[in-house]
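What follows is the residue order along each chain.
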Amino acid sequence: MTTIQQKQDIRKLNVDQIKTWMTERGEKAFRAKQIYEWIWKKSAHSFEEMTNLSLATRQLMNEHFVIHSLEVAKKQHSNDGTIKSAFKLFDGNLVEGVLIPAADRMTACVSSQVGCSLTCKFCATGYMDRKRNLEAGEIYDQVVAIARQAEATFNAPLTNIVYMGMGEPLLNYANVLQSIEYITSPEGLNMSPKRITVSTAGIAKMIKKLADDEVRFRLALSLHAANDEKRNQIMPINESNSLDNLAEALNYFYKKTGNRITFEYIVFNNFNDTLQDARELWEFCKRVPARVNIIEYNPIAEADFKNTEADRLDKFAAFLEDRGVSVHVRRSRGKDIDAACGQLANKETN
């Protein structure tokens, strides 16, 4: 009885590994560069697309390799132009990606894990189990799919990428950084790393690792409360990564990279939206060179949190601005669709 050999995903090989594999089988070494370009520059999802390879070479690749691409399982269009996609992976798992259009930019929000292990109380993904990390190619594929949506729907190129979808990027460190390499490399999509933001719930030792690795992309911290007691209530990760530890790690990151950090702050009604909360946030901003994104909340069925009232949000923002904090209020997008992180994938899975 013969055992069927499992085909390897060719996107897990670098160009030198592909070259070695090709030359061992009598193929020309330069074919490896052609294949690599098809995969990462032209975003090919099949060997049949690689038309400058001979039919025999394409058949050889098909016999030994596979490209584990994703497909759009479901798509929702909001009245404000936001497009949310549930992406089906090769193993049947679902993750989400969002195209957020604005007058001056087209932003892709991508996921880094199937589910999440951090159990943040306000996040739909936090109520899902973490099933696995995404491969670098699966993160890259989300960017490509959303970029195509931007071109098809708005006739505009993708300008920005945020790793703010499902999962904690710093718990999938190697694949996240590898995906950014594919996206920013001249041999890949050639996007500027300055247009990429990685958002973390706050893992101090991994923030320091980013600094040591001298990354060039931007970093955002999902803060949502500037005192430990409140943050512990909504983000259990804070119990092992206190605000003091995070401030130290963020300053280390800033000194190493020169990149100012963004604090993301969702304003929840009657929880973290008072002027005292704003004062605590201002005090924390004095410790770390940062700008603040105040974010309106998209409520989810699993949690009782509600978005704050408009006048409280305005007073909160004004308090910070009056004290010299750089503040941007991000209005809620996709209110008429499953816009909250994890909402659509959760619905499709259950």
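Because the structure is a prediction, the values reported are computed rather than measured. (Residues numbered from 1 in each chain as written. Predicted model: local features only at pLDDT ≥ 70, side-chain atom pairs only at ≥ 80, totals over all residues. Heavy atoms only, no water.)

Let us look at the overall build of the protein. On a plain count of helices and strands, the protein comes out with 11 helices and 14 strands. The C-alpha radius of gyration computed for the protein amounts to 22 Å, which stays within 12% of the reference 20 Å derived for 350 residues, consistent with globular compactness. Oriented by its inertia axes, the alpha-carbon framework of the protein measures out at about 70 × 45 × 40 Å. Excluding contacts between residues fewer than 6 apart, the proportion of contacts in the protein whose partners are at least 24 apart in sequence is 66%. Accessible area of the protein: about 16,100 Å², with a carbon and sulfur share of 46%. The average position of the 46 basic charges and that of the 45 acidic charges among the side chains of the protein differ by 4 Å. (Helix = DSSP H or I, 4+ residues; strand = E, 2+ residues; numbered from the N terminus. Rg over C-alpha atoms; globule rule 2.2 N^0.38 Å. Contact = heavy atoms within 4.5 Å. Areas by Shrake-Rupley, 256 points an atom, 1.4 Å probe, with all protein chains shown as cover. Lys, Arg positive; Asp, Glu negative; His and termini not counted. Charge placed at Lys NZ, Arg CZ, Asp CG, Glu CD.)

Following the UniProt record, one finds the feature "binding site: S-adenosyl-L-methionine" (unreviewed entry) at Gly 167, Glu 168, Ser 199, Ser 222, Leu 223, His 224 and Asn 298. Take His 224: its relative accessible area is 3%, and that puts it in the buried class. Not counting chain neighbours up to four residues away, the residues in contact with His 224 comprise Phe 122, Ile 234, Met 235, Glu 264, Tyr 265, Ile 266 and Asn 272. From its side chain, His 224 meets the backbone nitrogen of Ile 266 in a polar contact 3.0 Å long. Among the structural elements, Asn 298 can be located in the loop between β13 (290–295) and α10 (310–322). When its relative accessible area of 17% is taken as the criterion, Asn 298 is described as buried. (UniProt positions renumbered as here; feature names shortened; annotations may be inferred. Buried < 20%, exposed > 50% of the residue type's maximum accessible area, 1.4 Å probe, protein only. Polar contact = N/O pair within 3.5 Å; in protein donor to acceptor, adjacent residues only side chain to side chain.)

Of all 11 residues that make up helix α2 (residues 30–40), 8 are buried, and the element is covered over most of its length. Among the residues of α2, Arg 31, Ala 32, Gln 34, Ile 35, Tyr 36, Trp 38, Ile 39 and Trp 40 are the ones counted as buried. Against α1 (15–24), α3 (55–64), α4 (136–154) and α5 (173–184) lie the buried residues of α2.

A separate point is the sheet that holds strand β5 (residues 94–101). With respect to topology, 10 strands assemble into an open sheet ordered β3-β4-β5-β6-β9-β10-β11-β12-β13-β14, the strand pairing being mixed. One side of each edge strand has no neighbouring strand; the edge strands of this open sheet are β3 (71–77) and β14 (327–330). If you compare each strand with its neighbour and ignore which way they point, the axes differ by 20° on average. Looking at chain direction, β3 and strand β4 (residues 83–88) are connected through 6 bridges and run antiparallel. Each residue of the ladder has a partner; that of His 77, found in β4, is Ile 83. Contacts between α4 and the sheet are confined to β3, β4, β5, β6 (106–109) and β9 (160–163), with β5 contributing the most and set at about 40° to the helix. The strands touched by α5 within the sheet are β9 and β10 (196–200), with β9 carrying the most contacts at an inclination of about 175°. (Pairing = 2+ DSSP bridges. Axes fitted to C-alpha atoms, helices over the stretch in contact; angles between N-to-C directions.)

Of the two faces of β6, both are covered, the one formed by Met 106 and Ala 108 as well as the one formed by Thr 107 and Cys 109. For β5 and β6, the ladder comprises 4 bridges, and the chain directions are antiparallel. Opposite Ile 100, over in β6, you have Thr 107 as the bridge partner. Where β5 hands over to β6, the hairpin turn is made up of 4 residues, counted between the paired strands. Here β6 pairs with β9 via 3 bridges, running parallel.

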